[in-house]
Amino acid sequence: MVLERHSREYVETRVRAGVLEQGTVDILRDSGVGERLEREGLQHQGVELRFGGQGHRIDFQDLVGKSITVYAQQEVVKDLIAARLGYEAPIYFEAEAMQIQEYDAQPRIQYQFDGTSHEIACDFIAGCDGFHGICRPAIPAGQLQIHERHYPFAWLGILAHVPPASHELTYTYHERGFALLSMRSLEVSRLYLQCAPDENIENWPDDRIWQELRTRMATQEGFVLRDGPIFQKGITPMRSFVTSPMQFGKLFLLGDAAHIVPPTGAKGLNLAVADVRVLTRGLVEFYKTGSLEPLRQYTERCLRRVWKCQRFSWWMTSMLHRFPNEDSFSHNIHLAELDYVTRSRAASTTLAENYVGLPFDTPGLF
Ligand SMILES: Cc1cc2nc3c(=O)[nH]c(=O)nc-3n(C[C@H](O)[C@H](O)[C@H](O)COP(=O)(O)OP(=O)(O)OC[C@H]3O[C@@H](n4cnc5c(N)ncnc54)[C@H](O)[C@@H]3O)c2cc1C
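(A) Up close: the overall build of the protein chain. Along the backbone of the protein chain there are 11 helices and 19 strands. Compactness check: the protein chain gives a C-alpha radius of gyration of 21 Å against a globular reference of 21 Å for 366 residues, within 12% of the reference. Seen through its principal axes, the protein chain has C-alpha atoms that stretch 65 × 45 × 40 Å. Put simply, of all contacts in the protein chain between residues at least 6 apart along the chain, 71% involve residues at least 24 apart. When the accessible surface of the protein chain is summed, it comes to about 17700 Å², and 50% of that surface belongs to carbon and sulfur atoms. Of note, the protein chain has its 38 positive side-chain charges centred 3 Å away from the centre of its 46 negative side-chain charges.

Printed below as a string of structure tokens:
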């Protein structure tokens, strides 16, 4: 049984992530929800790192033989909802979970639906209610270890009705700060600028955003960034956050409820799917054989991947952003690292291997 606080329309139009690892695409396809994704998703074989006015391509296919797919998170959500309703399994929209009880023995969830209070008794609770949900706070604070890092910058992100200026993502390091050219479709561009964490969006009229993007993304060859109507703007803070353990009795934390990554590595949605994969396998084993063993390993198996994705996201963020009070030494270190990453095949392979997603089934490793 799925409880969702918001309406179906709201969750099907909420704009968030958009880069799917190959492993995520495989999971969605194998679960029977890959048909539209395969038809409409944009397959990318690489990304560009731009610095010093020059672009350098990291060729995923050549380096690791894999690719990524750009397909907006709300489209994944639409496909999942349609599939679940298609086999007549319930999703309760506008049903807000209020309280969780006895998660270590006989779990129960109290929720509000249609103006009245209800209660479900359940075998297990999948706490996939995001960073601000109720599942993580239901656990006594003394039983949780929190590992956290706040970054001294944020991303100002826009969606614009204009074809993307490049057919692959372009990550730019510039003295004025980071910029990212991404896309949601062949007609819609998604662009980001590094800004202060307390930046006021009111100070960023459309013209200023386009001008700043052009300044940071300029190349010696005369890169042209066409503008178009901006239909959404927002500021996203940058944070790394990990909860340990991710399991308490019969309550499991998944996705943002358990961990947050800065978006630079495009890992947030992919990590949530990876948690679902581990939990699903454990549940299938339990209902087939009665064994709880795979479920007992949930935290360990998830955290192995979570920490590797945290490391990658932190590394990409540190390499590509300007920190406050950076001097010429730090600037040259950024440039040297980018030069190394783009010229050394070993270093490019490391980036590519992590970006397309670490393999799932390497025993003991991932
Ligand atoms: C503004 C924004 C932009 C982002 N951009 C990117 C990006 O570009 N790239 C990237 O990789 N990642 C990005 N992310 C991160 C990525 O979207 C998340 O990692 C991903 O959504 C995690 O999925 P989740 O299911 O764990 O949590 P969520 O997607 O947050 O889903 C949790 C759901 O639980 C529901 N819920 C919460 N509380 C209750 C309750 N009490 N009762 C019932 N339902 C409840 C919520 O309404 C929500 O629908 C972004 C996140 C945000 C917020």
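Next comes the rest of the write-up.
(B) Structural detail: the packing of helix H9 (residues 298-320) against helix H10 (residues 328-343). Axis separation between H9 and H10 bottoms out at 9 Å; the angle between their running directions is 125 degrees. By the angle class used here, H9 and H10 are oblique. The residues of H10 that touch H9, namely those facing Trp315, Ser318, Met319 and Leu320, are His334, Glu337, Leu338 and Val341. Partitioned by chemical class, the residues of the contact of H9 with H10 number five nonpolar, two polar and one charged.

(C) Expanded view of the environment of Ala126. Within the secondary structure layout, Ala126 lies in strand S11 (residues 125-127). If we skip the residues at most four places from it in the chain, Ala126 touches Phe252, Leu254 and Leu279.

(D) Up close: the sheet that holds strand S18 (residues 251-253). Taken together, the three strands give an open sheet; going across it, the order is S11-S18-S17, and neighbouring strands pair in mixed fashion. In this open sheet, the two strands that pair with only one neighbour each are S11 and strand S17 (247-248). The sheet contact formed by S17 and S18 spans two bridges and is antiparallel. Bridged to Phe248 within S18 is Leu251.

(E) Highlighting the state of the cysteines. Tallied over the full model, the rule gives zero disulfides. Just so you know, Cys122 is unpaired, no disulfide at all, and the nearest cysteine sulfur is the one on Cys135, 9.8 Å from it. On the accessibility criterion, Cys122 (18% relative accessible area) is buried.

(F) Geometry of the site of the ligand. Residues in contact with the ligand amount to 25 residues; listed here are only the nearest, Glu4, Arg14, Arg16, Gln73 and Asp256. At a separation of 2.8 Å, an oxygen atom of the ligand approaches a polar side-chain atom of Arg16. Burial of the ligand by the surrounding chains reaches 81%, relative to a free accessible area of 1000 Å². The element that contributes the greatest number of residues to the shell around the ligand is strand S8 (residues 95-101), accounting for three residues. Split by residue class, the shell around the ligand holds 11 nonpolar, six polar and eight charged.

Scoring rules and cut-offs
- Residues numbered from 1 in each chain as written.
- Predicted model: local features only at pLDDT ≥ 70, side-chain atom pairs only at ≥ 80, totals over all residues.
- Heavy atoms only, no water.
- Helix = DSSP H or I, 4+ residues; strand = E, 2+ residues; numbered from the N terminus.
- Rg over C-alpha atoms; globule rule 2.2 N^0.38 Å.
- Contact = heavy atoms within 4.5 Å.
- Areas by Shrake-Rupley, 256 points an atom, 1.4 Å probe, with all protein chains shown as cover.
- Lys, Arg positive; Asp, Glu negative; His and termini not counted.
- Charge placed at Lys NZ, Arg CZ, Asp CG, Glu CD.
- Axes fitted to C-alpha atoms, helices over the stretch in contact; angles between N-to-C directions.
- Parallel < 35°, antiparallel > 145°, perpendicular 65-115°, else oblique.
- Nonpolar A, V, L, I, M, F, W, Y, C, P; charged D, E, K, R; others polar.
- Pairing = 2+ DSSP bridges.
- Disulfide = S-S within 2.5 Å.
- Buried < 20%, exposed > 50% of the residue type's maximum accessible area, 1.4 Å probe, protein only.
- Near = heavy atom within 4 Å.
- Polar contact = N/O pair within 3.5 Å; in protein donor to acceptor, adjacent residues only side chain to side chain.

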